[in-house]
Amino acid sequence: MARLISANMSTTDTTLLVTFSVDTEESTSAPTQVILVEHDDVAINFFANGPCFKVGSSWEFRLPLEDADRRRIVQLLKVLDGSGREIEISEPLIFIESEAGKEWRSGDFAKTELAKTEAARQGRYSLTLQVDGAQESDQIFSCVVLVDGLLVTSQLRVPGISVLKLTDSTLGSDAVDVLNSVLGQLGFNSFVSPDAWLTEMRSRRPAVVIHVASIQAPDASAAATASRKLAHQLLDLLALNRGSRGRIIGGVIGTPVTASAGSVQFSGSWIEGAGYQGNLIGGFISGEDPHALLGQWSTVSQDPRLRLWLSLYSDALRDERWDYQLFRCFNLLEGIGKEKLSANAAIIGSDGNPKLQENGQRYTTKHAQGAVFELLRLVASMTNQAESNFAQRGVGPSGDLWDEVGVWTVVRNSVAHRGGWSLPEGETPDAKHAKIEGEIKARGHDQTMGAGVVVLVRSIRSAAEATIRAGLRQII
């Protein structure tokens with residue numbers, strides 16, 4: 001096997017020059033390509049690769065080099081021969097730029113500087129995260145979250161969180177057993193190959209784990225909740241970068257055992273999602289009406305607009321964040337309203353007076369609150385129900401539809417402009433935020449925020465459902 005004897009790196013003008021010697025006499029094992037990586041306090045990054053050429057008894061690789069605002073630490077990672085085989089490098093070849101940027105140093109000095117950089121990199125990511133309100137005396141937890149539908153080819157990290165690929169995932173392998181157990185009952189005389197199924201699953205549903213290595217919280221439940229929130233936040237970001245949104249399957253929470261480095265005591269696990277929350281009653285009364293279903297299917301098959309409405313509504317139902325679910329439902333209703341209603345029509349209240357904004361101008365269907373209110377008023381009229389049906393309360397009579405839509409509008413705007421309803425930790429709510437939060441709490445049976453948002457979301461979901469059903473009946 002060919003072996004690298006020595007290497008040197010220098011900069012001439014704007015060109016990086018790598019010169020090296022190789023112990024080989026066979027033309028088939030002569031070096032043809034080099035691969036360089038750069039080390040910094042964020043990651044190990046690809047730096048350059050390319051062909052190398054023989055100059056006298058040595059080999060050279062040249063690369064145009066731009067100015068940088070940092071001293072670069074570059075490693076000669078691999079040297080390949082014409083067959084793609086690696087030429088042996090007996091020890092890591094590390095080079096660091098001089099202060100002047102012309103000369104590169106290697107040896108012990110470069111290795112020492114690399115060690116400092118690696119320590120800084122480790123410090124960047126090896127953080128103990130804290131849940132809101134955590135105390136210094138609270139326990140440290142470690143959380144592992146299983147995700148499918150996301151492909152990563154290398155470790156990705158943000159402070160306190162790592163994303164690790166699962167090359168040999170068996171996720172979904174149980175599904176073929178369930179499927180094969182049913183096929184025979186349905187008359188199939190052959191079955192799905194478990195190996196072929198697993199290969200396809202690995203290809204179509206690549207899996208990763210998200211590791212929150214150290215998070216401080218009052219208890220395991222709080223640590224798991226915070227870790228799930230961070231995982232969702234990171235998955236949303238990775239969806240932008242990777243073009244696919246991973247789906248959390250579940251996770252495990254544990255407590256590091258201080259007496260044994262790297263050992264974690266299992267504390268509990270969870271399966272992601274609230275589970276089935278739909279109708280628990282069977283039969284005709286629950287909506288399992290074959291005649292109605294057939295009619296709905298026929299209508300939906302012929303109307304792409306209804307298919308869009310249904311898709312957007314089902315997306316809202318899948319989102320477990322209450323403010324995001326409300327946001328999705330509101331935007332659906334606003335879009336339908338602005339499609340179905342006259343443009344810029346004035347909003348008139350039940351008392352015959354126009355609805356006015358704070359500046360004294362009239363509300364119209366051009367405004368989000370006006371469009372949703374007027375749409376639901378139309379739906380109520382066409383389906384022979386009271387407008388107040390869309391303004392539910394946990395106890396007592398229903399509320400006023402205009403006021404209800406007003407609360408929806410404020411929450412929706414908060415999500416759109418700030419990313420969610422909850423304020424950042426330590427931020428004092430203004431009068432408007434406090435007022436709306438008070439109104440949400442008043443809707444609950446126990447005057448708490450948790451109970452109030454259940455009622456609030458139930459109201460807007462019933463409004464969206466009634467609107468889509470009116471569309472299926474073709475009365476709006």
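One structure accompanies this document, and this report is about it. On a predicted model such as this, the values are computed, not experimentally measured, just so you know. (Residues numbered from 1 in each chain as written. Predicted model: local features only at pLDDT ≥ 70, side-chain atom pairs only at ≥ 80, totals over all residues. Heavy atoms only, no water.)

### Brief notes about the side chain of Arg121
So, point 1. The topology assignment puts Arg121 in helix H1 (residues 107-125).
So, point 2. When neighbours within four sequence positions are excluded, Arg121 is seen to be in contact with His39, Asp40, Asp41, Val42, Ala43, Ile44 and Arg157. (Helix = DSSP H or I, 4+ residues; strand = E, 2+ residues; numbered from the N terminus. Contact = heavy atoms within 4.5 Å.)

### Quick word on a nonpolar patch on the surface
So, point 1. A contiguous nonpolar surface patch, about 390 Å² in accessible area, is contributed by Val178, Val182, Leu186 and Phe188.
So, point 2. Considering the arrangement of structural elements, one finds Leu186 in the loop between helix H2 (173-183) and helix H3 (194-204).
So, point 3. Using a relative accessible area of 63% as the deciding quantity, one classes Leu186 as exposed. (Patch = residues over 30% accessible without salt bridge, like charges linked within 9 Å, V, L, I, M, F, W, Y side chains within 5 Å. Areas by Shrake-Rupley, 256 points an atom, 1.4 Å probe, with all protein chains shown as cover. Salt bridge = Lys/Arg side-chain N within 4 Å of Asp/Glu carboxyl O. Buried < 20%, exposed > 50% of the residue type's maximum accessible area, 1.4 Å probe, protein only.)

### Quick word on the layout of surface pockets
So, point 1. As a volume, the second largest pocket reaches approximately 690 Å³.
So, point 2. Only helix H8 (368-382), helix H9 (401-418) and helix H10 (431-443) provide two or more residues apiece to the lining of the second largest pocket.
So, point 3. In terms of residue count, the dominant contributor to the lining of the second largest pocket is H9 (10 residues).
So, point 4. Along the lines of polarity and charge, the residues of the lining of the second largest pocket split into 10 nonpolar, eight polar and 10 charged. (1 Å grid on protein atoms, 1.4 Å probe; cavity = no way out; pocket = protein on both sides within 12 Å on 5 of 7 lines; lining within 4 Å. Points joined across faces, edges and corners; volume = space filled by probe spheres on them. Nonpolar A, V, L, I, M, F, W, Y, C, P; charged D, E, K, R; others polar.)

### Things to note about the packing of aromatic side chains
So, point 1. Counted according to the given criterion, the structure contains two aromatic pairs.
So, point 2. Considering the side-chain rings of Tyr363 and Trp402, the 5.0 Å spacing of their centres and the 75 degrees angle between planes classify their relative orientation as edge-to-face. You can see Tyr363 sitting in the loop between helix H7 (322-340) and H8 and its partner Trp402 sitting in helix H9, a full 39 residues away along the chain.
So, point 3. Its relative accessible area of 18% is what places Tyr363 among the buried residues.
So, point 4. Pairing Phe373 with Trp402 gives two aromatic rings, centres 5.0 Å apart and planes at 90 degrees, and the pair type is edge-to-face. Remark: Trp402 occurs in helix H9 and Phe373 occurs in helix H8; sequence separation between them is 29 residues. An identical accessibility class is assigned to Phe373 and Trp402; each is buried.
So, point 5. Joined through ring pairs, the aromatic side chains of Tyr363, Phe373 and Trp402 make up one cluster.
So, point 6. Sitting over the ring of Phe109, Arg105 keeps its end group 3.8 Å from the ring centre. (Phe/Tyr/Trp six-rings, centres within 6.5 Å; stacked < 30°, edge-to-face > 60°. Lys NZ or Arg CZ within 6 Å of the ring centre and 35° of its normal.)

### Some words on the sheet that holds strand S7 (residues 73-81)
So, point 1. Spatially, S4-S3-S7-S8-S9 is the arrangement adopted by the five strands of the open sheet, whose pairing is antiparallel. Bordering the open sheet on either side are strand S4 (44-51) and strand S9 (104-105), each of which pairs with just one other strand.
So, point 2. Where strand S8 (residues 93-97) meets S9, two bridges bridge the pair, whose relative direction is antiparallel. Paired with Ile96 across the two strands is Arg105, which belongs to S9.
So, point 3. Its contacts with the sheet place H1 against strand S3 (31-39), S4, S7, S8 and S9, and it is angled at close to 85 degrees to S8. (Pairing = 2+ DSSP bridges. Axes fitted to C-alpha atoms, helices over the stretch in contact; angles between N-to-C directions.)

### A word on the packing of H7 against H9
So, point 1. Contact pair H7 / H9: the axes reach a minimum separation of 9 Å and the direction vectors enclose 110 degrees. The angle between the axes of H7 and H9 places the two elements in the roughly perpendicular class. Note that H7 runs across H9; the crossing there is left-handed. From H7, Trp322, Asp323, Tyr324, Leu326, Phe327, Phe330, Asn331, Leu333 and Glu334 reach across to H9, where they touch Val405, Trp408, Thr409, Val411, Arg412, Val415 and Ala416.
So, point 2. Tallied by class, the residues present in the contact of H7 with H9 amount to 11 nonpolar, two polar and three charged. (Parallel < 35°, antiparallel > 145°, perpendicular 65-115°, else oblique. Left-handed = near helix turned anticlockwise from the far one by under 90°.)

### Digging into the pattern of salt bridges
So, point 1. Counted according to the given criterion, the structure contains 31 salt bridges.
So, point 2. Note that Glu334 is salt-bridged to Arg412, the shortest N-O span being 2.5 Å. Separated by 78 residues along the polypeptide, Glu334 in helix H7 and Arg412 in helix H9 bring together distant segments of the chain.
So, point 3. A relative accessible area of 11% means that Glu334 is categorised as buried.
So, point 4. A salt bridge links Glu439 to Lys435, with the shortest nitrogen-to-oxygen separation between them at 2.7 Å. Remark: Lys435 and Glu439 occur in helix H10; sequence separation between them is four residues, near one turn of the helix.
So, point 5. What makes Lys435 exposed here is its relative accessible area of 52%.
So, point 6. Taken together, the salt bridges that share partners define one network made up of Asp236, Arg245, Asp319, Arg321 and Arg328.

### Considering the sheet that holds strand S2 (residues 15-23)
So, point 1. Spatially, the four strands line up as an open sheet ordered S1-S2-S6-S5, and their pairing is antiparallel. Only two strands of the sheet have a single partner each, and these edge strands are strand S1 (3-12) and strand S5 (53-55). The sheet shows a mean angle of 30 degrees between the axes of neighbouring strands, direction not considered.
So, point 2. Examined bridge by bridge, S1 and S2 share nine bridges and lie antiparallel to one another.

### Examining the environment of Asp319
So, point 1. Structurally, Asp319 is set in the loop between helix H6 (304-318) and H7.
So, point 2. Look at Asp319 and you get buried, because its relative accessible area is 7%.
So, point 3. Along the primary structure Asp319 and Ala224 are separated by 95 residues, whereas in three dimensions their C-alpha atoms are 18 Å apart.
So, point 4. Setting aside its immediate chain neighbours within four residues, Asp319 contacts Tyr324, Gln325 and Arg328.
So, point 5. Among the polar contacts made by the side chain of Asp319, one reaches the side chain of Arg321 at a distance of 3.0 Å. (Polar contact = N/O pair within 3.5 Å; in protein donor to acceptor, adjacent residues only side chain to side chain.)

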